[in-house]
Amino acid sequence: MSSAARSPSRTGVTPGAAPTAVDALSGPVSICVDRPVLSLDRPFTYALSPDLGAGVGSLVQVAFHGRRVRGWVLGPTDDVPARVADVRALVSPVRFFDQRMLEVLRWVSERYVAPLAAVIARSHPPRVASEEVAGGDGGVGLRGGPSAPSARSARLRAPAPADAPVLPRLSDAYVNGRALLDALRAGLGGSFVLRPGPADEVAVAVECVLEVLAGGRSAVVLVPEVEPLPATAAAVLEAVGAEGVLFAGGDRRERYRTWLDIASGRYRVVVGTRPAVFAPARDLGLVYVARESHALHREERAPYYHVRDVALARGRVEGATVVMAAFLPSLEAQVDGHVEVAHRRRAWPSVEVVAPGPEGRAPRLVAALRSTRRGFLFAPLPGYGVARVCRACGEPAACAACGGTLRSEEGVVRCVVCGAVGRCARCAGTDFGIARGGAERVEEWARAAAGVPVRRIGSAERPRAPRQDEVLVGGVEAVKDLGPLDLDLVAILDADLASRRPGLSARERALATWFEAAAWAGERGRVIVQTRAANDPAVQALVAGRPDRFARSEISRRAEAGFPVGGPVFRVTGSSGVEEALRALGPRTLLASEVEGQTVCLVALDPGPTGPFARALRALAERGVVARVEAEPHL
Ligand SMILES: [Zn+2]
Ligand SMILES: [Zn+2]
């Protein structure tokens, strides 16, 4: 992963903290034992010998309920019970967090009602002990010798596209751009929502990172995924050269090695996915969240944190500036009073709204395709069409196994629910009348209409930009950060599908994808949206190139539904008493159901601190009423 040559002059230092001899603790200390369950989520006191050289963030071994367990030193404590056991051993010379990072980890533990042990364990990669080597003078050194750049990191560090030059943009072209740059240069902190122009997504990220480096501080850049590597990530790494590192993917050893290198201060810019929000970068001046509204910025396993919120917490604790960048920022980012940074003028393609024609082919779109040299057709439905009727017996088509809808995809008819090969429930026939529609069918009719070759990006294929003289057809998985493209035409097909999808945030997710695809048209390009609901706030937001109208309608819709934007939401599983216990806490909304003998409650709180709620849930966990808490479930 670390492809830059290691400096031979680097001496031994303890990652994440000063040398152990200086800040070693002794006497009674709080320990977070590595038992990540809510009912044990409190510190325990042990006596620490100064000989161990342990301090805040040290991994130690203690006796707990008659067993040897590991735990982390949280700091000195006055809470000393009558009998205090000794810390038995120091497990690792590494300090896994310092005082400020501990503050962030505690915030995560409270906000997401997650055991602190789970939060600490997920804040750094799993240990590979052989990467830690003791040095002299009571300090701890890192293994010497340069780590070899792997083929993977070489590939991931491919240079940014040549058509993405870094120009000064924020200072002149953006409202509040100067304020953002000043905050970065002078280390003022603060939080900004940045809506780049269609050609600027990559360049403004690079500009922010270079500005914070010029101010002498470091940056963490968070991207939703690394396969394929977003153009923003590639360009930032390219711009900072040996000062930057991609902290994502790789094997266990490589990941831990990179983490140790970051903690030692070797890199000033860390680019990575979710876990990188905890990267132990020194003198942090910027946390940049690219494509902030992307669903992958939410961690799907405990502690279920959202990168945006952790970034904001880290910014507050460390005095770093937080930038949330997206063509369509999330509603959460829009309601929270951050400084908005956006283009001074309308920097957005012209967007035409047309009613869909037969099979979704609006005449205006067909005509536009004829003169398009380079374009993208966003077709969110996969396949060639849906089976309507059995050709053998005339029965309406439905899956013989589960009754689900049958869809023709890549030449095979399958059930969209259970995946079974399509067979008529009545006569077992396999020949169906198909109602055509979907990306495969779009590819077919677009081929007949376009003057250049039309190709489809399948869900298993690597997303790429259309070539010159090419039109691509693709769904959600094809819309990635590929850098500015300047296409002649981008078409949004089946726009009305989004409003029929289940889920409170389905429309928001769909609109974010439309914005990302539309941005490919650049300011000179043309976007055609096919919809029967031209006045829908989502469609109107896309036309305007700004989120306002959609945000207004969506924020009131969410509040009416009992799930206000920015209000914490939890799915709490427990015994039969859990519903009553939660209702006593006065939540904004509580929906309870019985699942396999357990009570599952969906709880929404009003926006604000979760401290009292988190404490109540821990107490309920200790009494056995609450078994499991999932924060921010998909709604
Ligand atoms: Zn089925
Ligand atoms: Zn049949």
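Okay, the pairing of strand β19 (residues 406-409) next. Here strand β18 (residues 385-390) pairs with β19 via two bridges, running antiparallel. From the neighbouring strand, Gly385 faces β19, where its bridge partner is Ser408. Sheet analysis places β19 next to strand β20 (residues 412-415), joined by four bridges and oriented antiparallel. The residue of β20 that forms the bridge with Arg407 is Arg414. Taking the residues that link successive antiparallel strands as the turn, the β19-β20 hairpin has two residues, and the phi of Glu410 there is positive, at about 50°.

We now examine the confidence of the model for the protein chain. Here the protein chain averages 90 in pLDDT, and 91% of its residues register 70 or above. Predicted confidence is poor over residues 135-162, with pLDDT under 50, and the contacts of this stretch with residues over four places away or in other chains come to 63 contacts.

If you walk across this open sheet you meet the six strands as β16-β25-β24-β17-β23-β22, and the pairing is parallel. Each end of this open sheet is capped by a strand with a single partner; those strands are β16 (350-354) and β22 (454-456). Across the sheet, the mean angle separating the axes of adjacent strands is 20° when strand polarity is ignored. Relative to strand β25 (residues 526-530), strand β24 (residues 489-492) runs parallel, the two sharing four bridges. Bridge pairing in β25 places Ala491 opposite Ile528. Those strands touched by helix α12 (residues 363-371) are β16, β17 (374-378), β23 (470-474), β24 and β25, and its axis lies near 150° from that of β25. In the packing of helix α13 (residues 439-449) onto the sheet, contacts are made with β17, β22 and β23, and the angle to β22 comes to roughly 170°.

What follows covers the coordination of the zinc ion (ligand 2). Donor atoms from the polypeptide that bind the zinc ion (ligand 2) are Cys390 (SG), Cys393 (SG), Cys424 (SG) and Cys427 (SG), placed at 2.3 to 2.4 Å. Considering all four donor atoms around the zinc ion (ligand 2), angles at the metal cover 103 to 114° and the coordination shape is tetrahedral. Counting along the primary sequence, the residues that act as donors to the zinc ion (ligand 2) give the motif C-x2-C-x30-C-x2-C. Of this pair, Cys393 sits in the loop between β18 and β19 while Cys424 sits in the loop between β20 and β21 (432-436), placing them 31 residues apart in sequence. Given a relative accessible area of 27%, Cys393 falls into the partly exposed group.

Along the polypeptide, Gly241 turns up in the loop between α8 (231-240) and β11 (244-247). The class for Gly241 is partly exposed, based on a relative accessible area of 26%. Separated by 64 residues in the primary sequence, Gly241 and Gly177 place their C-alpha atoms 25 Å from one another.

A full pass over the atoms with the stated rule returns four cavities of 30 Å³ or more. The volume enclosed by the largest cavity comes to roughly 90 Å³. Lining the largest cavity, in full, are Val223, Pro224, Glu225, Pro228, Pro230, Ala290, Arg291, His294, Val479, Lys480, Asp481 and Glu516. A per-class count over the lining of the largest cavity returns six nonpolar, one polar and five charged. Around the second largest cavity, the lining comprises 16 residues; the ones closest to its centre are Pro198, Glu201, Phe327, Gly483 and Pro484. For the lining of the second largest cavity, a count of residues per class yields nine nonpolar, one polar and six charged.

This brings us to the coordination of the zinc ion (ligand 1). The reference angle at a metal is 109.5 degrees if four donors form a tetrahedron and 90 or 180 degrees if six donors form an octahedron. Protein-derived ligands of the zinc ion (ligand 1) are Cys399 (SG), Cys402 (SG), Cys415 (SG) and Cys418 (SG), with the metal-ligand distances lying across 2.2 to 2.4 Å. Viewed at the metal, the four donor atoms of the zinc ion (ligand 1) are separated by angles of 100 to 118°, and the geometry they form is tetrahedral. Each donor residue of the zinc ion (ligand 1) belongs to the same chain, and together they define the spacing C-x2-C-x12-C-x2-C. With Cys402 in the loop between β18 and β19 and Cys418 in the loop between β20 and β21, the pair connects residues that are 16 residues apart, well separated along the chain. Relative accessible area serves as the criterion here: at 41%, Cys402 is assigned to the partly exposed category.

Looking now at the environment of Glu359. Among the structural elements, Glu359 can be located in the loop between β16 and α12. Considered as a pair, Glu359 and Leu585 are 226 residues apart in the sequence and their alpha carbons are 52 Å apart. Each residue touching Glu359, except ones within four places of it in the same chain, is listed here: Arg436, Arg441 and Trp445.

Let us now look at unusual backbone geometry. Here Glu227 and Pro228 are connected by a cis peptide whose omega angle stands at -5°. Residue position: Pro228 is located in the loop between β10 (218-222) and α8. Backbone torsion omega between Ala302 and Pro303 reads 10°, so that peptide bond is classified as cis. Here Pro303 shows up in the loop between β13 (284-289) and α10 (307-318).

Pairs of aromatic rings are described using the distance from one ring centre to the other and the angle between the two planes. For the structure on display, the rule yields nine aromatic pairs. Between Phe96 and Trp259, the ring centres sit 5.8 Å apart and the planes meet at 20°, which makes this aromatic pair stacked. Of this pair, Phe96 sits in the loop between β5 (89-95) and α2 (99-111) while Trp259 sits in helix α9 (residues 252-263), and the two are 163 residues apart along the sequence. On the numbers, 5.1 Å between centres and 35° between planes, the contact of Trp348 with Phe515 is tilted. One end of the pair, Trp348, is in the loop between β15 (339-343) and β16; the other, Phe515, is in helix α15 (residues 506-518), and 167 residues separate them in sequence. As far as burial versus exposure is concerned, Trp348 and Phe515 are alike and both buried. Members of the aromatic cluster, each reached through a chain of ring pairs, are Phe96, Tyr256 and Trp259. Looking at Arg255, its charged tip hangs above the ring of Phe247, at a distance of 5.0 Å from the centre.

This part takes up the packing of α2 against α10. Following both chains from N to C, one finds α2 and α10 inclined at 140°, their axes separated by 9 Å at the closest point. In the crossing of α2 with α10, the sense of the turn from one axis to the other is right-handed. Residue-level inspection shows Arg100, Met101, Glu103, Val104, Trp107, Val108 and Arg111 of α2 in contact with α10, the latter providing Asp309, Val310, Ala313, Arg314, Arg316, Val317 and Glu318. Across the contact of α2 with α10, the residue classes tally to seven nonpolar, no polar and seven charged.

Conventions we followed
- Residues numbered from 1 in each chain as written.
- Chains lettered and ligands numbered in written order.
- Predicted model: local features only at pLDDT ≥ 70, side-chain atom pairs only at ≥ 80, totals over all residues.
- Heavy atoms only, no water.
- Pairing = 2+ DSSP bridges.
- Helix = DSSP H or I, 4+ residues; strand = E, 2+ residues; numbered from the N terminus.
- pLDDT = per-residue confidence, 0-100.
- Contact = heavy atoms within 4.5 Å.
- Axes fitted to C-alpha atoms, helices over the stretch in contact; angles between N-to-C directions.
- Donors = N, O, S within 2.8 Å, 3.2 Å for Na, K, Ca; no water.
- Tetrahedral: all angles 85-135°; square planar, octahedral: opposite > 155°, others 65-115°.
- Buried < 20%, exposed > 50% of the residue type's maximum accessible area, 1.4 Å probe, protein only.
- 1 Å grid on protein atoms, 1.4 Å probe; cavity = no way out; pocket = protein on both sides within 12 Å on 5 of 7 lines; lining within 4 Å.
- Points joined across faces, edges and corners; volume = space filled by probe spheres on them.
- Nonpolar A, V, L, I, M, F, W, Y, C, P; charged D, E, K, R; others polar.
- Phe/Tyr/Trp six-rings, centres within 6.5 Å; stacked < 30°, edge-to-face > 60°.
- Lys NZ or Arg CZ within 6 Å of the ring centre and 35° of its normal.
- Left-handed = near helix turned anticlockwise from the far one by under 90°.

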